[in-house]
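Commentary on secondary and tertiary structure
Read off the chains here:
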Amino acid sequence: MHSIFARLNNSTSLLSSCLMGLLFAISLTTFLFNEEAHGQIVPASVKVLDARLPRQRYRTQEAVFTQFNVTADLTPLFHWNTKQVFVYLQAEYNNSKGVQNEVVVWDRIVRRKSDAVIRTRAMSKYSIRDLTRSFKKIPGAHFTLKYNIMPYVGVLTSGDIARTSELVTFPAAQRAVS
Amino acid sequence: MSNVINELLEGKIDFEGQRLVETLVSWVMIIAAVISFIAGFALQSLQVTFGLFAASIVALAFVIIPPWPMFNANPVKWLPAHTEAQDTKAKAS
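Counting starts from 1 at the beginning of each chain's written sequence and moves along it residue by residue. Lettering for chains starts from A, numbering for ligands starts from 1, and both go in the order in which the items are written. In view of the model being predicted, local features appear only for residues whose pLDDT reaches at least 70, and side-chain atom pairs are presented and counted only at 80 or more, with totals across whole chains, interfaces and linings using the full set of residues. Side-chain numbers here rest on the full set of heavy atoms in the structure, without hydrogens or water.

1. Re the nonpolar core
By nonpolar core is meant a set of buried Ala, Val, Leu, Ile, Met, Phe, Trp, Tyr and Cys residues that side-chain atoms within 4.5 Å join together. Three exposure classes are used, based on accessible area relative to the maximum for each residue type with a 1.4 Å probe and protein chains only: buried under 20%, partly exposed in between, and exposed over 50%. By size, the foremost hydrophobic cluster in this structure holds 35 residues, and its most contacted members are Leu74, Val85, Ile128, Phe143, Leu145 and Ile161 of chain A. Numbered from the N terminus, helices here are DSSP runs of H or I no shorter than four residues, and strands are runs of E no shorter than two. Every element with two or more residues in this core is listed here: strand E1 (38-53), strand E2 (56-73), strand E3 (82-94), strand E4 (100-110), strand E5 (117-123), strand E7 (140-151) and strand E8 (157-163) of chain A. Those residues in contact with Ile128 of chain A that lie beyond four places of it in its chain are Glu62, Ala63, Val64, Ala91, Tyr93, Val103, Val105, Phe135 and Phe143 of chain A. In terms of nonpolar packing, the next biggest core, distinct from the first, is built from 20 residues, Leu22 and Trp80 of chain A together with Ile13 and Phe53 of chain B among them. Between two residues, a contact is recorded if the distance between any of their heavy atoms is within 4.5 Å.

2. Comments concerning the packing of aromatic side chains
Pairs were defined over the aromatic rings of Phe, Tyr and Trp, the Trp ring being its six-membered one, requiring ring centres within 6.5 Å. Orientation was assigned from the angle between planes: stacked under 30 degrees, edge-to-face over 60, tilted for the rest. One pass over the full model with this rule turns up ten aromatic pairs over all chains. Pairing Phe33 of chain A with Phe41 of chain B gives two aromatic rings, centres 6.2 Å apart and planes at 35°, and the pair type is tilted. Of this pair, Phe33 of chain A sits in the loop between helix H1 (4-28) and E1 while Phe41 of chain B sits in helix H2 (residues 15-43), on two different chains. Between Phe135 of chain A and Phe170 of chain A, the aromatic rings sit 5.1 Å apart at their centres with planes inclined by 70°, giving edge-to-face as the arrangement. Taken together, the positions of Phe135 of chain A in the loop between strand E6 (128-129) and E7 and Phe170 of chain A in the loop between strand E9 (168-169) and strand E10 (174-175) put the pair 35 residues apart, joining distant regions of the chain. A network of ring pairs unites the aromatic residues Phe33 and Trp80 of chain A together with Phe37 and Phe41 of chain B as a single cluster.

3. A short note on the UniProt feature "transmembrane region" (unreviewed entry) in chain B
Residues and elements named next belong to chain B. UniProt's entry tags residues 24-43 and 50-68 with the feature "transmembrane region" (unreviewed entry), counted in the numbering of this structure. The span residues 24-43 carries 100% helix and 0% strand; its end-to-end C-alpha distance comes to 28 Å. Spanning residues 50-68, this segment combines 79% helix with 0% strand, and its end C-alpha atoms are found 28 Å apart. UniProt positions are given in the numbering used here, feature names are shortened, and annotations may be inferred rather than shown by experiment.

4. Section: the interface of chain B and chain A
Listed per partner, the contact involves 29 residues of chain B and 22 residues of chain A. As used in this structure description, the phrase polar contact means that two N or O atoms lie within 3.5 Å; if the pair is within protein, one of them must be able to donate a hydrogen and the other to accept it, and residues adjacent in sequence are counted only when both atoms belong to side chains. Where chain B meets chain A, there are six residue pairs in polar contact (both at pLDDT 80 or more). Going through the elements one at a time, helix H1 (2-10), H2 and helix H3 (46-64) of chain B are the ones with two or more residues in the side of chain B that touches chain A. The greatest single-element share of the side of chain B that touches chain A, amounting to twelve residues, is contributed by H2 of chain B.

5. Thoughts on the side chain of Ser36 of chain B
One can find Ser36 of chain B in helix H2. From its side chain, Ser36 of chain B meets the backbone oxygen of Ala32 of chain B in a polar contact 2.7 Å long. Excluding its chain neighbours within four sequence positions, the residues that come into contact with Ser36 of chain B are Leu22 of chain A together with Thr49, Leu52 and Phe53 of chain B.

6. Thoughts on the side chain of Ser27 of chain A
Residues and elements named next belong to chain A. Take Ser27: it is sitting in helix H1. With relative accessibility at 12%, the residue Ser27 sits in the buried group. Other than its neighbours up to four places away in sequence, Ser27 contacts Asn81, Val153 and Gly154.

7. Some remarks on the pattern of salt bridges
Each reported salt bridge corresponds to a side-chain nitrogen of Lys or Arg within 4 Å of a carboxyl oxygen of Asp or Glu. Evaluation of the coordinates by the stated rule reveals four salt bridges over all chains. For Asp115 of chain A, the salt bridge is made with Arg112 of chain A, and the minimal N-O distance between the two is 3.2 Å. Of the residues examined, Asp115 of chain A reaches a relative accessible area of 38% and is grouped as partly exposed. A salt bridge links Glu16 of chain B to Arg19 of chain B, with the nearest nitrogen and oxygen atoms 3.8 Å apart. With Glu16 of chain B and Arg19 of chain B both in helix H2 and three residues apart, the pair spans about one turn of that helix. Residue classification places Glu16 of chain B among the partly exposed positions, given a relative accessible area of 38%. Looking at Arg19 of chain B, the relative accessible area reads 57%, which means it is exposed.

Laid out in structure tokens, this is it:
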């Protein structure tokens with residue numbers, strides 16, 4: 001500590017330890033916030049279209065397009081360590097071969113607390129397509145609205161907001177327009 | 001001229017000053033971290049936490065880095081220098 005350089009060196013080494021401790025303490029506070037978000041999802045329309053496969057001219061594959069009325073209040077999820085919240089609507093179904101599938105149909109990134117009240121018609125951004133190429137033998141799917149909290153420091157936490165109470169059935173396939 | 005610049009850059013302080021700097025740094029830094037954590041948690045803002053912490057670190061650096069006179073208040077007292085006459089007397093006896 002006799003010269004400027006020695007003082008700078010010694011105190012920055014303690015500074016890095018202090019900063020690490022501070023960040024660790026902040027990341028631990030994530031576990032203190034256990035507020036639940038509330039919401040509701042109501043299916044508005046489910047369509048199955050016979051869509052063309054890319055690069056395969058004469059084969060088609062069924063694709064499911066859904067619309068949901070999504071209402072959710074995510075404000076309780078915003079605390080000091082929340083950078084953004086990722087909300088997504090997930091379909092869960094067993095296909096005709098008995099394989100359990102989970103497909104994300106719609107998602108949104110909420111960056112600010114002022115945008116945290118969601119009231120929207122969630123049109124499916126990503127269609128559901130199955131390896132068996134058909135939804136005829138599949139009775140239907142359950143849909144769940146889920147979230148991931150992305151923190152500034154620490155671990156990613158996740159949870160469920162809402163789930164459809166009844167199975168959402170898939171109707172017969174329509175010929176795709178175009 | 002270069003001698004003066006070198007001394008300014010080196011910024012030497014005495015032993016008591018070094019002890020003072022050591023205790024100052026460790027106490028102020030740890031207390032600043034604790035206070036900024038509590039303040040940020042109370043106001044639910046990471047900006048407050050890191051703003052407060054950064055401000056206290058800058059203030060601390062301003063206090064400890066330049067060789068202020070208070071760190072040179074107890075200079076080391078050397079024994080008086082030997083003169084040639086004393087040396088010859090010591091050899092003779």
